[in-house]
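# Descriptive structure summary
What follows is each chain in one-letter form.
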Amino acid sequence: MNPEHPVTLQEVLDNREARAAEQMELLRRYRMPLLCVTMNIAGPVKQSGLIRFAFQEAVQPLRERLSIVHEVLWDRRTGPEAFLVCGLTAAELKKIALDLENARPVGRLYDLDVLDTGGNKLSRPEPRTCLVCGGLAGPCARSRAHGLETVRQATDALLRDFAADRLADLAVRSLLDEAELTPKPGLVDQNNSGAHSDMNLAMFQRSAQCLRPYFRRAAELGLERADCMQPLQAAGLAAEQTMLSATGGVNTHKGAVYAFGLLLAALGSCLRRGGDVFAAAAALATAGRPPDGETHGGRAAVQYGVPGARGEAMAGFPHARRACAVLQTRGPLPALLTLLAGVDDTNLLHRGGRNGLLFVREQAQEILSGPEAAYAARLEELDKACMDRGLSPGGCADLLAAGMLLDRTRGIWESECG
């Protein structure tokens, strides 16, 4: 569910009192400066998927940058809120808060109030600007110069633009992290080019970066409408050509174009209208045109009777979700090994037939059953064996990258999908 229920004036007033009481209690208990994070949303609707996402993306960099002693999170109808007790001076805290507010246009919707140990709120050095006209916000608000609906539309546009932009960033980062993960058997990494004579790490990095506009567009399409598979496929075909231009005709990320496009559109749809991200991705995959069967993976899927990339998508990305779960608890090398041991990788089937697939699966399972401290060394041995046999588990690489994207976006889908 993604409810957007209006709140009453009394709820707002009651929450204001509760916030003040929480602030005073935290100041009394810790005697340290306090940063309070809220969202500046006009109108009676203070909660939505887009609002929560923007809020989460404000809190996370603060967690990474601040010396947080204690944290309190509220997720109420009146909007998400965070209370961060920090081991910095109030002045230092205010500078960090202003940096975050000024870093992106969506920062205009953040209210980051800093209270010193005496409970005094530090003022902004410059007044806020109006969302609509860019002038001073105070006079526009007092005179109601633009009307509530216009302000709400401007707020929504900021939230949607931020979501699409941020999701694209997370997608690119996930592709880069997968490419740079080392060691990976038969795959391009920081050690070597695996079983590929026409690829290297710099090419994969270049390919990932060139796909960013497509990732943004995929998220935008999902934000615009749930049934967006037709324009998504058109955008994906154009992205493949962009990729091939950037790599000199080498297919680095065709599988990721497909999987990431579906997941990003589904994430955008969930942010906008709620629902299950994986069911949305599966519905898009089902609505899409079946692959033409002319790719190596497509032919292998038909020949060996395995689901392939489309089957994974139509099932709601079960292996990517499994990789995400392992990433959360154990890290990327165990996640990769879990995929190698369990996925009917069509790239392996294309290059080595069923014997090649079984070889990699059995080796990965054996490594997984041993001590985790030996994973890296054993994977290097498997890498040499895969290179000798010309084996490359590219499907597992795509699913690992998808798992990394899911791990980075779990704040969107986890509450919906459990």
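To be clear, the structure that these remarks concern was listed above.
Residues numbered from 1 in each chain as written. Predicted model: local features only at pLDDT ≥ 70, side-chain atom pairs only at ≥ 80, totals over all residues. Heavy atoms only, no water.

### Examining the nonpolar core
In terms of nonpolar packing, the biggest core is built from 112 residues, with Leu-35, Val-37, Leu-62, Tyr-110, Phe-215, Phe-260 and Leu-264 touching the most fellow members. When sequence neighbours within four positions are dropped, the list of residues in contact with Leu-264 reads Leu-167, Ala-171, Phe-215, Ala-218, Ala-219 and Leu-405. Counting residues in hydrophobic clusters, the runner-up holds 9 residues, among them Leu-27, Trp-74, Phe-83 and Leu-115. (Core = buried A, V, L, I, M, F, W, Y, C linked by side-chain atoms within 4.5 Å. Buried < 20%, exposed > 50% of the residue type's maximum accessible area, 1.4 Å probe, protein only. Contact = heavy atoms within 4.5 Å.)

### A few points about unusual backbone geometry
Between Thr-182 and the following residue, Pro-183, the backbone shows a cis peptide bond with an omega angle of 0°. By secondary structure assignment, the location of Pro-183 is in the loop between α5 (148-180) and α6 (201-210). Phi is positive for Arg-31, close to 55°, though the residue is something other than glycine. Mapped onto the secondary structure, Arg-31 falls in the loop between α1 (9-30) and β1 (34-39). Residue classification places Arg-31 among the exposed positions, given a relative accessible area of 65%. Of note, Phe-317 is a non-glycine position whose phi angle comes to about 55°, a positive value. Here Phe-317 lies in the loop between α12 (308-314) and α13 (318-329). According to the relative accessible area criterion, Phe-317 is buried, its value standing at 1%. (Helix = DSSP H or I, 4+ residues; strand = E, 2+ residues; numbered from the N terminus.)

### Here's the deal with the sheet that holds strand β4 (residues 110-115)
A sheet is described by the order of its strands in space; here 4 strands give the open sequence β2-β3-β1-β4, paired in antiparallel fashion. Because the sheet does not close on itself, it has two edges, and the strands there are β2 (68-76) and β4. Put simply, the sheet's adjacent strands are angled 15° from each other on average, direction ignored. Relative to β4, β1 runs antiparallel, the two sharing 6 bridges. Bridged to Leu-34 within β4 is Leu-115. Relative to β1, helix α2 (residues 49-65) is tilted by about 160°, and along the sheet it contacts β1, β2, β3 (79-86) and β4. (Pairing = 2+ DSSP bridges. Axes fitted to C-alpha atoms, helices over the stretch in contact; angles between N-to-C directions.)

### Structural notes on the side chain of Asn-15
Its location among the elements puts Asn-15 in helix α1. The buried category is assigned to Asn-15, whose relative accessible area is 5%. When near neighbours in sequence (up to four residues on either side) are disregarded, Asn-15 contacts Trp-74, Arg-76, Thr-78 and Glu-81.

### Focus on the packing of aromatic side chains
Under the counting rule described, the total for this entry stands at 5 aromatic pairs. Plain terms: the ring middles of Phe-53 and Phe-162 are 5.9 Å apart, the flat faces sit at 45° to each other, and that makes the pair tilted. Remark: Phe-162 occurs in helix α5 and Phe-53 occurs in helix α2; sequence separation between them is 109 residues. Here Phe-53 and Phe-162 have matching classes, each one buried. Measuring from centroid to centroid gives 4.8 Å for Trp-74 and Phe-83, while their planes differ by 70°, and the two rings are edge-to-face. Members of the aromatic cluster, each reached through a chain of ring pairs, are Tyr-214, Phe-215 and Phe-260. Sitting over the ring of Phe-359, Arg-389 keeps its end group 4.1 Å from the ring centre. (Phe/Tyr/Trp six-rings, centres within 6.5 Å; stacked < 30°, edge-to-face > 60°. Lys NZ or Arg CZ within 6 Å of the ring centre and 35° of its normal.)

### Details of the packing of α5 against helix α7 (residues 212-224)
Packing of α5 against α7 leaves a shortest axis separation of 8 Å and a crossing angle of 135°. Relative to α7, the element α5 is oriented oblique. Where α5 crosses over α7, the two elements pack in a sense that is right-handed. Across the interface between the two elements, Arg-160, Asp-161, Ala-163, Ala-164, Asp-165, Leu-167, Ala-168, Asp-169, Ala-171, Val-172 and Leu-175 of α5 pack against Arg-212, Phe-215, Arg-216, Ala-219, Glu-220 and Leu-223 of α7. Looking at the contact of α5 with α7 residue by residue, the class counts come to 10 nonpolar, no polar and 7 charged. (Parallel < 35°, antiparallel > 145°, perpendicular 65-115°, else oblique. Left-handed = near helix turned anticlockwise from the far one by under 90°. Nonpolar A, V, L, I, M, F, W, Y, C, P; charged D, E, K, R; others polar.)

Don't take any of this as a statement about function, it's just geometry.
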